[in-house]
Amino acid sequence: MTMSLSSYFTIPLFLCLSSLHLVSPFPSFGGQIDYDYNYNYNYYERSCPRLRMIVQNGVWAAFKTDTRIAASLLRLHFHDCFVNGCDASILLDDTIDFRGEKNAFPNRNSARGYDVIESIKADVEQACPSTVSCVDILTLAARESVLLSGGPYYPLSFGRKDGFTASEKAANEQLPSPIEPLENITDKFTSKGLDMKDVVVLSGAHTIGFAQCFTFKRRLFDFKGTGKPDPTLESSALANLQGMCPNKDASNRNLAPLDSASTYRFDNAYYVNLVNGTGLLESDQALMRDPKTAAIVTAYSSNSYLFSADFASSMTKLSNLGILTGSNGQIRNKCGSVN
């Protein structure tokens, strides 16, 4: 699962939801909820009342020097939650006991923002020592990144604990690939308790950020071994992308915007691109080839408010996947290593 943004704030719609205590998360994997422990919107209200402001300031500071960081933090959160639940496992460095997720193929040389989360964690520790988990910080940083880019507010509960281990193998197996068939990607989502609509909605995070050329270059020159470009890719978009990503290995790490229409603005232009045949990744454009997903894409392309509302709902679901609470996890002192 790599934002600056302006319009389409939907805060008024979602503020009414923020007072809800979400006590029914979706622990479909990665640990069960211990209901003797609180997990709710106000979890840090007394123990760390300045938490949101600290995280918000940290994300803003990073964004001022790196406009890509919003997309990177959102992707980091998605990649964390999608592999055995939201437990900050993606932040762990390798140890003698395990090879972690940082160097798994979907994350190696592409996942970013570790230093931002570690810096925010240090600020939080200064204000509220041994109180806030790294996974809650990452989850909140992702939401602040969406808001900063002009996306919707969505309610979050807190009280997640950090995991004790990470798995490179699990990341390689569980994270969706941009060249996988849509059926495979959907299967990976449903295995987490998500559904086909969530596939379409969460793919909309590609309204911001960039992709490295190697993730889509075969569409430009040798689509499915034909020696020709993907015939579904609109001709002017094809020519532009071939200029960004020439057919040589040296271009593999070059970057192209996932949404060339509004690269740093969180909006519904991503879906408009798909309708027009200018989606960047195979996995994105494939959403138009299935009648069920195509109908959702078309709806979002013409209704930005519907997309914002559904994105908020799916992000709340994502943030509750497989969480750890109570003694099932810990509050790390530093996010890169267990205590």
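Residues numbered from 1 in each chain as written. Predicted model: local features only at pLDDT ≥ 70, side-chain atom pairs only at ≥ 80, totals over all residues. Heavy atoms only, no water.

J.: What is the right way to read the pattern of salt bridges from this model?
T.: A side chain of one charge can pair with a side chain of the opposite charge if their charged atoms are brought near each other. Counted by the stated rule, this structure contains 15 salt bridges. In this structure, the salt-bridge partner of aspartate 136 is arginine 160, at a minimum N-O distance of 2.6 Å. You can see aspartate 136 sitting in helix H5 (residues 134-148) and its partner arginine 160 sitting in the loop between H5 and helix H6 (168-174), a full 24 residues away along the chain. For the residue pair aspartate 136 and arginine 160, the accessibility class agrees, reading buried in each case. Notably, a salt bridge pairs aspartate 195 with lysine 317, separated by 3.9 Å at the nearest N-O pair. (Salt bridge = Lys/Arg side-chain N within 4 Å of Asp/Glu carboxyl O. Helix = DSSP H or I, 4+ residues; strand = E, 2+ residues; numbered from the N terminus. Buried < 20%, exposed > 50% of the residue type's maximum accessible area, 1.4 Å probe, protein only.)

J.: Explanation requested: the side chain of aspartate 162 in the structure shown.
T.: Tracing the chain through its elements places aspartate 162 in the loop between H5 and H6. No salt bridge forms around the buried aspartate 162; measuring N to O, its nearest opposite-charge neighbour arginine 332 is 4.4 Å away. Looking at aspartate 162, its side chain comes within polar contact range of the main-chain nitrogen of valine 135, at 2.8 Å. Here arginine 332 takes part through its backbone nitrogen, which lies 3.0 Å from a polar atom of the side chain of aspartate 162. (Lys, Arg positive; Asp, Glu negative; His and termini not counted. Polar contact = N/O pair within 3.5 Å; in protein donor to acceptor, adjacent residues only side chain to side chain.)

J.: I would appreciate a short explanation of the UniProt feature "binding site: Ca(2+) 2" (unreviewed entry) in the chain in the present structure.
T.: The positions that UniProt labels "binding site: Ca(2+) 2" (unreviewed entry) are, in the present scheme, Thr207, Asp259 and Asp267. Annotated residues spanning 61 residues; largest pairwise C-alpha distance 9.8 Å, indicating a single compact cluster. Structurally, threonine 207 is set in the loop between helix H8 (196-203) and strand E1 (210-212). Once residues lying within four places of it in the same chain are set aside, the contact partners of threonine 207 are Asp259, Ser262, Thr263, Arg265, Phe266, Asp267 and Tyr270. With respect to the helices and strands, the residue aspartate 267 is situated in the loop between strand E2 (255-257) and helix H11 (269-275). (UniProt positions renumbered as here; feature names shortened; annotations may be inferred. Contact = heavy atoms within 4.5 Å.)

J.: Explain the state of the cysteines here, please?
T.: On inspection of all chains with the given rule, the structure shows 4 disulfides. Through a disulfide, cysteine 81 is tied to cysteine 86; the S-S separation comes to 2.0 Å. As the torsion about the S-S bond is roughly 115°, the cysteine 81-cysteine 86 disulfide counts as right-handed. You'll find cysteine 81 and cysteine 86 in the same group, each marked buried. (Disulfide = S-S within 2.5 Å.)

J.: For this particular structure, what's the right way to read the environment of glycine 322?
T.: Assignment of secondary structure puts glycine 322 in the segment after helix H14 (304-319). For glycine 322, a relative accessible area of 0% puts it in the buried group. With 235 residues separating them along the chain, glycine 322 and aspartate 87 place their C-alpha atoms 7.9 Å apart.

J.: Teacher, can you tell me more about the layout of surface pockets here?
T.: Remark: the empty space left among the atoms is shown by a probe the size of a water molecule rolled over them. Considering only enclosed or pocket space, the second largest pocket measures out at about 240 Å³ in volume. Contributing to the lining of the second largest pocket are Tyr41, Asn42, Tyr44, Glu45, Cys48, Pro49, Leu51, Arg52, Leu140, Arg143 and Phe158. If you list the elements that add at least two residues to the lining of the second largest pocket, you get helix H2 (51-65) and H5. Residues of the lining of the second largest pocket, tallied by class, amount to 7 nonpolar, 1 polar and 3 charged. (1 Å grid on protein atoms, 1.4 Å probe; cavity = no way out; pocket = protein on both sides within 12 Å on 5 of 7 lines; lining within 4 Å. Points joined across faces, edges and corners; volume = space filled by probe spheres on them. Nonpolar A, V, L, I, M, F, W, Y, C, P; charged D, E, K, R; others polar.)

J.: Looking at this structure, I do not really get the packing of helix H3 (residues 69-82) against H14. What am I missing?
T.: The relative placement of two packed helices is expressed as an angle between their axes plus a distance between the axes. Their axes nearest at 10 Å, the elements H3 and H14 cross at an angle of 50°. The angle between the axes of H3 and H14 places the two elements in the oblique class. Where H3 approaches H14, its residues Leu74, His77, Phe78 and Cys81 are matched on the opposing element by Phe311, Met315, Leu318 and Ser319. When the residues that make up the contact of H3 with H14 are grouped by side-chain class, the tally is 6 nonpolar, 2 polar and no charged. (Axes fitted to C-alpha atoms, helices over the stretch in contact; angles between N-to-C directions. Parallel < 35°, antiparallel > 145°, perpendicular 65-115°, else oblique.)

J.: Before we go on, may I ask you to explain the packing of aromatic side chains in this structure?
T.: Centre distance and the angle of the planes are the two values used to describe a pair of aromatic rings. Enumeration according to the criterion identifies 14 aromatic pairs in this entry. Every member of this aromatic cluster is reached through a ring pair, and the members are Phe266, Tyr270, Tyr271, Tyr300, Phe307 and Phe311. Over the aromatic face of tyrosine 114 sits the side chain of lysine 102, whose NZ or CZ is 4.5 Å from the ring centroid. The aromatic ring of phenylalanine 82 is capped on one face by lysine 192, whose charged end is 5.6 Å from the ring centroid. (Phe/Tyr/Trp six-rings, centres within 6.5 Å; stacked < 30°, edge-to-face > 60°. Lys NZ or Arg CZ within 6 Å of the ring centre and 35° of its normal.)

J.: So what exactly am I meant to see when it comes to the UniProt feature "binding site: heme b" (unreviewed entry) in the chain here?
T.: The positions that UniProt labels "binding site: heme b" (unreviewed entry) are, in the present scheme, His206. By the element assignment, histidine 206 lies in the loop between H8 and E1. Using a relative accessible area of 19% as the deciding quantity, one classes histidine 206 as buried. In this structure histidine 206 touches Leu258, Asp259, Tyr270, Leu281 and Asp284, once residues within four positions along its chain are discounted.

J.: In this structure, what is going on with the side chain of aspartate 259? I would like to understand it.
T.: Considering the arrangement of structural elements, one finds aspartate 259 in the loop between E2 and H11. One buried charge, aspartate 259, has no salt-bridge partner; the nearest side chain with opposite charge is arginine 265, at 6.9 Å. Here alanine 261 takes part through its backbone nitrogen, which lies 3.1 Å from a polar atom of the side chain of aspartate 259. Those residues within four positions of aspartate 259 in sequence are excluded, and the remaining contacts are His206, Thr207, Asp267, Ala269, Tyr270 and Asn273.

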